[in-house]
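A closer look at the structure
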Amino acid sequence: MRAWLRQLLERPARPLSTAQQARLDAWRALPPADLKRPLRETRMVVVDVESTGLDVYRDELIAIGAQRVEEARIQVGVAFDIVLHRAGHTDKENVLIHGISPTDMRKGAPPADALLDFLEFVGKAPLVAYHAAFDRGMLGRALKRHLGVRLPNPWLDLAWLAPALFPKAVGVQKALDAWLDFFGLHVYLRHRAVADALATAELLLILLHHARGAGKDSFGGIAELARMEAELFQASRLGGI
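What you see is a predicted model; the values in this text were computed from it and never measured.

This brings us to the packing of aromatic side chains. Taken as a whole, this structure holds 8 aromatic pairs when the rule is applied. Ring centres of Trp179 and Phe183 lie 6.1 Å apart, and the angle between their planes is 20°; this geometry places the pair in the stacked category. In this structure an aromatic cluster arises from ring pairing among Phe166, Trp179, Phe182 and Phe183. It is Arg68 that lies over the ring of Phe121; its NZ or CZ is 4.3 Å from the centre. The ring of Trp27 carries the charged tip of Lys124 above its face, separated from the ring centre by 5.0 Å.

Attention now goes to the pairing of strand E2 (residues 61-70). A large share of E2 lies buried, amounting to 9 of its 10 residues. Two strands pair when backbone bridges link them, and strand E1 (residues 44-51) and E2 are joined in this way by 8 bridges, in the antiparallel orientation. From the neighbouring strand, Val46 faces E2, where its bridge partner is Gln67. In this structure, the hairpin formed by E2 and strand E3 (residues 73-83) is closed by a connection of 2 residues, where Glu71 is found at a positive phi of approximately 55°.

Moving on, we get to the pattern of salt bridges. Under the definition given, this model contains 8 salt bridges. Taking the shortest distance from any N to any O, the salt bridge between Arg23 and Glu120 comes out at 2.8 Å. Separated by 97 residues along the polypeptide, Arg23 in helix H2 (residues 18-28) and Glu120 in helix H5 (residues 111-122) bring together distant segments of the chain. Residue class for Arg23 comes out partly exposed when judged on its relative accessible area of 23%. Overall, Glu120 belongs to the partly exposed group, its relative accessible area being 42%. In this structure, Arg227 and Glu231 form a salt bridge, with 2.3 Å as the shortest nitrogen-oxygen distance.

Analysis parameters
Residues numbered from 1 in each chain as written. Predicted model: local features only at pLDDT ≥ 70, side-chain atom pairs only at ≥ 80, totals over all residues. Heavy atoms only, no water. Phe/Tyr/Trp six-rings, centres within 6.5 Å; stacked < 30°, edge-to-face > 60°. Lys NZ or Arg CZ within 6 Å of the ring centre and 35° of its normal. Buried < 20%, exposed > 50% of the residue type's maximum accessible area, 1.4 Å probe, protein only. Helix = DSSP H or I, 4+ residues; strand = E, 2+ residues; numbered from the N terminus. Pairing = 2+ DSSP bridges. Salt bridge = Lys/Arg side-chain N within 4 Å of Asp/Glu carboxyl O.

Treat this as a map of the structure, not an account of what it does.
Here it is, written out as structure tokens:
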């Protein structure tokens, strides 16, 4: 794609300030993660988002929670939790789920600043989520709209990695709660982005331990394992297996 066309397509809805552009340029300059490093030497960031609904193409991002995992340990006290400013109408049923009131949204951070804070928190580290396509899609749309960038970080979906490592435990494509119950993990405030990110990080640590035991000791290795599980599931649904 020609450079001028790429710049036009990735132009944010509102021009960034000089300070915002400098922050964005600094993040862009960060080197990509080495996906071949041992898991204990790989920083990962577990992500969870809240939105105005479940339509990844139409609904809006309203909150981001993230938790760092380094040296196969959760970095206690190092978490990311932010609500984005939104002044429009919000469905009452969604508010009952995520607990973020219209007042909270009106007091939220300007979206461009919130997303820059998020990029600085995650850097270029691999990202982890449960049913990652939704989180990836919501973040991707918001980043393109408000900052004009795409998120190059690699993703790992625990909804595929968990059944790949424990094929007889819970089943494929079950809700996060099913795996939390199976391993006896507790969420102190379900459907709050930062709390869900922490619970997902605890699940990740269990899966990392078993992945190393199965001979998968790099992010690239476990991402490939999850990808293969997804492909097998799709093939079985299409009658290919």
